[in-house]
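# Topology and contacts: notes
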Amino acid sequence: MADQHPDTTAITAGRDESGSLAPVLWPSTTWQSTGLDESNAAAVAVHETGNYARYANPTVREFENAVAALESAEDALATSSGMGAIATAIFALCSTGDHIVAQKQLYGGTLALLNGPCKRLGIDVSFVDGSTPGTFASAVRPGKTMLVIAETPSNPQLALTNLDEIGAIKGPYTMVDSTLATPLGQSPLRHGVSLVMHSATKGIAGHNDAMLGVLAGEKDLIDAIWSYSVLHGATASATDALNGLRGIRTLGVRFARQCDTALKVARELESNPGVRRVNYPGLESHPQHALAKSQMRGFGTVLSFEIMGGVDKARALMNKLAIVRPAVSLGGPETLICHPATSTHVSMSPEDQQSAGINDGLLRLSIGLEDTSDVIADLQHALQ
Ligand SMILES: *Cc1c(COP(=O)(O)O)cnc(C)c1O
């Protein structure tokens, strides 16, 4: 089983004993027991079904099992969103006076959580440039740093962080937001990282119909985070977990096709005179293309590009597109475009945006499942 391909694991993993080939929806929030002793056993059990759905639900558990198998993890914990996973992990592992090292190229919500509630609660955060070798390790304060947070590829710069480097950090827990790669694109745990996290709302569920997050890692760590998660309450819904598991079944073909189109679109944009720069790990021009080839199985379904002319040109371009839709989120069937400086990363100050590489002309594309040539033609027409 160790050498089974991830596309196959996406089909075999997360199956209950019922024989149903489709995932089974358990809307139940509570389960009957045989009496006091069984109730007591259920009340003290860890992450087990058969008691109360905030503790565990069979549909959610199958989704967790599938993600654990795909990430080569002992266990996984699903949450009500990607932010639910990040917040649960941070507050399960960090207390007042503790220190976090995080990269500055992070999803806007993660940045806002670290800069707002974490600092307010006395959790100190140092931000480093995730793509500069050695920066994470040198920012770690022995005995103080509880958690190191990386995101690779980063949203929306498509900057990469070296997974071996994060995995080699000992002392603090290390967490990688692997949303843009999906479990098929890379395997952070195999590099020694302690926790891999996904916004399963994106490529994993893949159809814009589930809010879902997930953390995967060693059982002891997932158990510890689980005991906090039942108090935090960002519990995954069974319906969303069902959609997440259904999405996993087709993740292999979707990811392959979307990666293929993303590279073709990236090449096309790179040769367009209206485009200043294209960020995609699969391009030879990406400064970390060699790293991408060494740690990724697929270069991902998201790219970003900078146009000449800033926000007015970005607005005009978005208005001219017919197939590519203006919307946030990523990983779904429709190709989406967004302007991070005014949408996903609007909570950052202009200085922080600049330092994180998010300027006025930057646009992010989430590549969908339309025919590649139609997506390219739509972009070419709008760029004229
Ligand atoms: C969307 C996203 C998140 C947050 O996930 P939600 O499911 O929206 O809460 C976190 N990290 C990355 C990289 C994302 O793209």
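Residues numbered from 1 in each chain as written. Predicted model: local features only at pLDDT ≥ 70, side-chain atom pairs only at ≥ 80, totals over all residues. Heavy atoms only, no water.

Let's shift gears to unusual backbone geometry. A cis amide bond links Thr-152 with the next residue in sequence, Pro-153, at an omega value of -10°. When you line up the elements, Pro-153 lands in the loop between β4 (145–151) and α7 (163–167). Here the bond from Asn-155 into Pro-156 is cis, since omega is 10°, no more than 30 degrees from zero. Considering the arrangement of structural elements, one finds Pro-156 in the loop between β4 and α7. The phi dihedral of Leu-158 is positive, around 60°, even though this residue is not glycine. With respect to the helices and strands, the residue Leu-158 is situated in the loop between β4 and α7. Of the residues examined, Leu-158 reaches a relative accessible area of 1% and is grouped as buried. Within the chain, Asn-208 stands out as a residue other than glycine whose phi angle is a positive 55°. For Asn-208, the location among the structural elements is in the loop between β6 (195–199) and β7 (213–217). The exposure class assigned to Asn-208 is partly exposed, which follows from its relative accessible area of 40%. (Helix = DSSP H or I, 4+ residues; strand = E, 2+ residues; numbered from the N terminus. Buried < 20%, exposed > 50% of the residue type's maximum accessible area, 1.4 Å probe, protein only.)

Turning our attention to the domain arrangement of the protein. You can read the domains of the protein as domain 1 (6–249) and domain 2 (252–383). A separation of 26 Å is found between the C-alpha centroids of domain 1 and domain 2. With 39 residues of domain 1 in contact, the opposing surface of domain 2 contributes 35 residues. When domain 1 packs against domain 2, the two sides together hide about 2800 Å² of surface, and 54% of this comes from carbon and sulfur. Taken as a group, Pro-156, Leu-158 and Leu-160 account for 22% of the area that domain 1 buries against domain 2, more than any other trio of residues on that side. On inspection of domain 1 and its partner domain 2, the count reaches zero salt bridges. Our enumeration of links across domain 1 and domain 2 arrives at 19 residue pairs in polar contact (both at pLDDT 80 or more). A class-by-class count of the residues in the side of domain 1 that touches domain 2 yields 18 nonpolar, 18 polar and three charged. (Domains from an automatic or database assignment. Contact = heavy atoms within 4.5 Å. Buried area = accessible area lost by both parts, 1.4 Å probe. Salt bridge = Lys/Arg side-chain N within 4 Å of Asp/Glu carboxyl O. Polar contact = N/O pair within 3.5 Å; in protein donor to acceptor, adjacent residues only side chain to side chain. Nonpolar A, V, L, I, M, F, W, Y, C, P; charged D, E, K, R; others polar.)

Let's shift gears to the side chain of Glu-71. Along the chain, Glu-71 falls in the loop between α3 (58–70) and β1 (75–79). One buried charged residue, Glu-71, forms no salt bridge at all, with the nearest opposite charge on Arg-297 at 6.3 Å. (Lys, Arg positive; Asp, Glu negative; His and termini not counted.)

Ring pairs (aromatic) are described by centroid distance and by the angle formed between their planes. Summed over the entire model, instances satisfying the criterion amount to three aromatic pairs. Here the aromatic rings of Trp-26 and Trp-31 are separated by 6.3 Å at their centres, their planes lie at 45°, and the arrangement is tilted. An aromatic cluster is defined as three or more aromatic residues linked by ring pairs; in this entry it consists of Tyr-52, Tyr-55 and Trp-226. (Phe/Tyr/Trp six-rings, centres within 6.5 Å; stacked < 30°, edge-to-face > 60°.)

Near the ligand lie 14 residues; those nearest to it are Gly-82, Asp-177, Ser-199, Thr-201 and Lys-202. With respect to the ligand, the side chain of Thr-201 contributes an N or O atom lying 2.7 Å from an oxygen atom. Interatomic distance of 2.8 Å between a side-chain N/O atom of Lys-202 and an oxygen atom of the ligand. Here the ligand has 380 Å² of accessible area as a free molecule, and 94% of this is covered by the chains. Across the shell around the ligand, the residue classes break down as five nonpolar, six polar and three charged. (Near = heavy atom within 4 Å. Areas by Shrake-Rupley, 256 points an atom, 1.4 Å probe, with all protein chains shown as cover.)

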